[in-house]
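Listed below are the residues making up each chain.
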Amino acid sequence: MDARSRGQADGTDPADQWVLNPETGEYELRMNDSAEQPKTPRSAPRPGSPAPARVPGQRGRRTAPAPAPEDAPEDAPGHGRRKRKPKRSGKKKALMWTGGALGLVLVGGSAFAYYWYDRLYGNINTVDIGGVGSDEAVADGPVNLLVIGNDVRTGEGNEAYGNRTNVTGHADTTLLFHMSEDRTNATVVSIPRDLMIKIPDCESKQSDGSVKKIPGSTVPTKFNESYGVNGRDPGCTMLTVEEITGLELDHFMMFDFNAVKTLSTAVGGVQVCLEKPIKDLDGGSGLDLPKGESTIQGEDALSFLRNRHGLKNESDLDRIEMQQKFVASMLRQLKEDTLDSPSKMLDVADAATKSLTVDKGIGSPGKLLALARELGKIDLKNITLMTLPVIDNPDEPTPVTVVPNPTEAPKLFSMLQNDISLTEVKKKEKDAKDKQAELLEGARAEASEIRVDVLNGGGPGGAAQDTLNWLQTGQGVARSTNKGNAPADVDKTRLEYAPNQADQARKLADLMGLPASAMKPGTGDADATTPMTLTLGPDFKKAGVPITLPKKVDAKQSRADEKMCGK
C-alpha cells in the first residue's frame, strides 16, 4: 500500500486525521468527526504482531510481518517501545539529518504536511536483509545502528574519486553507532575499510524473492568487501560487524557520495578548521582549503572527506579522524542552526531521504522519526567518537592493512556489550553492577550440588584444567569435568545453563566472579544429571581471578561538542 492510498472513502486528507493528545504528547488517529469514535494510538502495535521479549544483551531478530489493517499507516512505529514522554523542545528531541524535519512534517496536520510526508516516504529506499537486525524501529535496551558510507562512483562528478567500473560500491566509511539503554550517551566507532577480518557466510534476498547464499571468506579479507562483493548486501556487513564486536545490530543506514554533497548544502555548509592548508589540485580530490576556519558544502565537502593529501601519514586512519570531526561539526550545525529553521529542516530531510537506503525496520519517515527522537535525547558532549583500536597487520612485510588491537579492541567490545559509556564510566559501571545484582538475585545451590563442564574457548593454554583443579580442590565443586577445547572460540567467557539450574549458576558466578553478560540461560529445563557448560574466553585470566569489566580503552577519542581547532 503506498502513502496515497491511506485516505478515507469520503476524501478526508490522511494528514488531517492525526491530532495531538496534549496529555500524552502522542499523535492519535481521528477516524471521523464523531466524538464517540475511538482513537488508535500511533504507537500501538499492529494487530497480530506481538513483540518478541528482549533481555539485556539479547536482541530480537526480524519476524515475518503481519499485514496491517487498511486504515493503519504503514509507518506506525515498531511495537515493543517504551511509552513516550511529553514533548520536549525541538533541539532536545531531534538529532542527525532527518529527525527535526520529519518531526515538522508529521505534526503539521495539513495538506502541506501530507505533501511532504508523501514526498519523503517516496524518497526512501529499503533493502530486505532477511533475519538480520530487528523488526522494531526502537526497542527497550541499547540500540546498535550501522551507518555505511557506500563508495559507489555513480552520480555527476563522482567518477574522479576512483574506479569507474565500481557500480555497486563497497563499505567505505563505516560507523557503528551504539546508543545506551538510558539514552544518556552514545559511542560512535569508525571501522577502517582496510581492516583485515574474516567475513562470515550470509544470505542476500534477490529481486525475484529467492535467497542467495554467499560463502564467507576463508582467509582474512578487507572489511570493505563485506558489501558489494559476490552479491553481499548491507545485511552481510552487519553480520561482519557482529562477528567483530560480539554485538547484535538493530538497523543500518547507507549513504553514497551524493549524500555528502546534498546534506552539507542543505544545512548551509559545515564549518571545518585546519591547522595547516590543504592544497591537492593534482592529487585527485581537488581540495584547496586555507589554514584556519572554512565553511564547506557540496563538492568541497565530499573532497574534504575523501582527501588524504597533507595528512600526517596520508593514510585511511588519518582520513577517518578528519571524517569524525566533520560529522561532529555537522551535528553541531544541526543543533545550533538548522533546527531553528523550518525550511532548512525540510531541505535536510528531503536531501537525506533521497540519498538514504535502510532496512525495513526503519523504512519509513515515521520509523526514522521514532529513531531520531531517541537519538535526540543524547547531549553532544556525551557522544564519543573514536576509531576501532587497531595495529599494523603483522602478516605483511610492509603493512598497508590493519588488524584489531589484541589488547584494546576487546576492552572496547566488552564496554559496548555491557553498555558502559566512555564518557560516564563510573556511573555506568555502577549501573552494570546493579544489573548483575538483579540478574543474580535468588537462591544459591551448595557448591557440592554444582554440575558443570569446563571448556577452553580462547582462554590461556591449560585454562580448563587449571579451573577444574581450582574448583574441585579449593571450592568444593566436585561434579566438574574438563571437556578440553571448545568447538569454536568465544569472544568472552559464558556460562550456559537451564532455567532449573539457575541456583547452581548463581553460585558458580559467585565463585568465579562472572559478570551478568556471562550468564546465558536457556529456555528448557535440564534433567538432574545434565551439567551446565562454562566456556572460558579471552577475558579469563586464570582460575581464582574474577572477570571484571574494563574501565577504559587506551585509544584516541573525541566528543561531538568539541570544535576542530579547539577554540
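See the structure above.
Bear in mind the structure is a predicted one, so any value in this text is a computation, not a measurement. (Residues numbered from 1 in each chain as written. Predicted model: local features only at pLDDT ≥ 70, side-chain atom pairs only at ≥ 80, totals over all residues. Heavy atoms only, no water.)

Some points on the pattern of salt bridges
To keep it simple, the criterion reads: A pairing counts as a salt bridge when a side-chain nitrogen of Lys or Arg comes within 4 Å of a carboxyl oxygen of Asp or Glu. In this text, helices come from DSSP runs of H or I with a minimum length of four residues, and strands from runs of E with a minimum of two, each type numbered from the N-terminal end.
Tallied over the full model, the rule gives 14 salt bridges. A salt bridge links Asp-350 to Lys-354; the shortest N-O distance between them is 3.5 Å. You can see Asp-350 and its partner Lys-354 sitting in helix 8 (residues 342-354), four residues apart, about one turn around the helix. One salt bridge connects Arg-494 with Asp-491, and the closest N-O pair in it is separated by 3.9 Å.

Let's talk about the sheet that holds strand 25 (residues 532-536)
This is how the line gets drawn: Two strands form a pair only when DSSP identifies at least two bridges running between them. Axes here mean lines fitted to C-alpha atoms, for a helix over just the part in contact, with angles spanning 0 to 180 degrees between N-to-C directions. Here a residue-residue contact requires only that any non-hydrogen atoms of the pair lie within 4.5 Å.
The mixed open sheet is built from five strands, whose spatial order is 22-21-25-23-24. Edge positions in the sheet fall to strand 22 (479-485) and strand 24 (519-521), since each has one partner strand and no second. Pairs of neighbouring strands in the sheet enclose a mean axial angle of 20°, with direction left out of account. Taken together, the three bridges between strand 23 (residues 494-497) and strand 25 define a ladder with antiparallel strand orientation. Looking at strand 25, one finds that Leu-495 is bridged to Leu-534. Along the sheet face, helix 12 (residues 463-474) touches strand 21 (451-456), strand 22 and strand 25 and points at about 170° away from the line of strand 22. Across the face of the sheet, helix 13 (residues 502-512) comes into contact with strand 21, strand 23, strand 24 and strand 25 while running at roughly 30° to strand 25.

Quick look at helix 8
Operational definition: A helix is expected to span 1.5 Å for every residue after the first. Only protein chains enter the accessibility calculation, which uses a 1.4 Å probe; a residue whose area is less than 20% of its type maximum is buried, one above 50% is exposed, and one in between is partly exposed.
Here helix 8 is 13 residues long and its end C-alpha atoms lie 18 Å apart, about the 18 Å a rise of 1.5 Å per residue gives. Within the sequence span of helix 8, burial applies to Met-345, Leu-346, Val-348, Ala-349, Asp-350, Ala-351, Ala-352 and Thr-353.

Thoughts on helix 5 (residues 257-266)
Structural remark: α-helix, 3.6 residues per turn; residues separated by three or four positions point the same way. Burial of helix 5 is extensive: seven of the ten residues sit out of reach of the surface. Among all positions in helix 5, only Phe-257, Ala-259, Val-260, Lys-261, Leu-263, Ser-264 and Ala-266 are buried. Gly-268 lies just past helix 5 and shows a positive phi near 85°.

Structural notes on the nonpolar core
This is how it is decided: Definition used in this section: a nonpolar core is a set of buried Ala, Val, Leu, Ile, Met, Phe, Trp, Tyr and Cys residues joined via side-chain atoms within 4.5 Å.
By size, the foremost hydrophobic cluster in this structure holds 51 residues, and its most contacted members are Met-253, Leu-263, Phe-304, Phe-326, Leu-371 and Ile-383. Here the element with the most residues in this core is helix 7 (residues 316-336); it accounts for six residues. If you look at the next biggest cluster of nonpolar residues, it comprises 31 residues, including Ile-148, Leu-247, Leu-249 and Met-386.

Points about the packing of aromatic side chains
What counts here: Each pair of aromatic rings taken from Phe, Tyr and Trp, with Trp reduced to its six-membered ring, is defined by centres within 6.5 Å and is described as stacked if the planes are under 30 degrees apart, edge-to-face if over 60, and tilted in the remaining cases.
Applying the stated criterion to the full structure yields one aromatic pair. Between Phe-304 and Phe-326, the aromatic rings sit 6.1 Å apart at their centres with planes inclined by 35°, giving tilted as the arrangement. Of this pair, Phe-304 sits in helix 6 (residues 299-306) while Phe-326 sits in helix 7; the two residues are 22 residues apart in sequence, bridging distant segments of the chain. Phe-326 matches Phe-304 in its accessibility class, with the two residues each being buried.

Brief notes about the environment of Glu-136
Here Glu-136 is to be found in the loop between strand 4 (125-127) and strand 5 (143-150). Using a relative accessible area of 3% as the deciding quantity, one classes Glu-136 as buried. Separated by 225 residues in the primary sequence, Glu-136 and Gly-361 have C-alpha atoms spaced 5.7 Å apart.

Examining the environment of Lys-205
Counted only if it meets this: Any pair of N or O atoms that falls within 3.5 Å is considered a polar contact. Within protein, one atom must be able to donate a hydrogen and the other to accept it, and sequence-neighbouring residues count only if both atoms are side-chain atoms.
One can find Lys-205 in strand 9 (residues 202-205). Lys-205 gets classed as partly exposed once you look at its relative accessible area, which sits at 37%. Lys-205 sits 27 residues away from Arg-232 along the chain, and the two C-alpha atoms are 9.7 Å apart. Within the structure, the side chain of Lys-205 is placed 2.9 Å from the side chain of Asp-128, a separation counted as a polar contact.

Observations concerning the state of the cysteines
Put simply, the test is: Only a pair of cysteine sulfur atoms within 2.5 Å qualifies as a disulfide here.
If you walk through the whole model with that rule in mind, you get one disulfide. Disulfide pairing places Cys-202 opposite Cys-236 at an S-S distance of 2.1 Å. Every disulfide takes its handedness from the sign of the S-S torsion; for Cys-202 and Cys-236 that torsion is 85°, giving right-handed. Remark: Cys-236 occurs in helix 4 (residues 234-245) and Cys-202 occurs in strand 9; sequence separation between them is 34 residues. The exposure class of Cys-236 is buried, given its relative accessible area of 1%.

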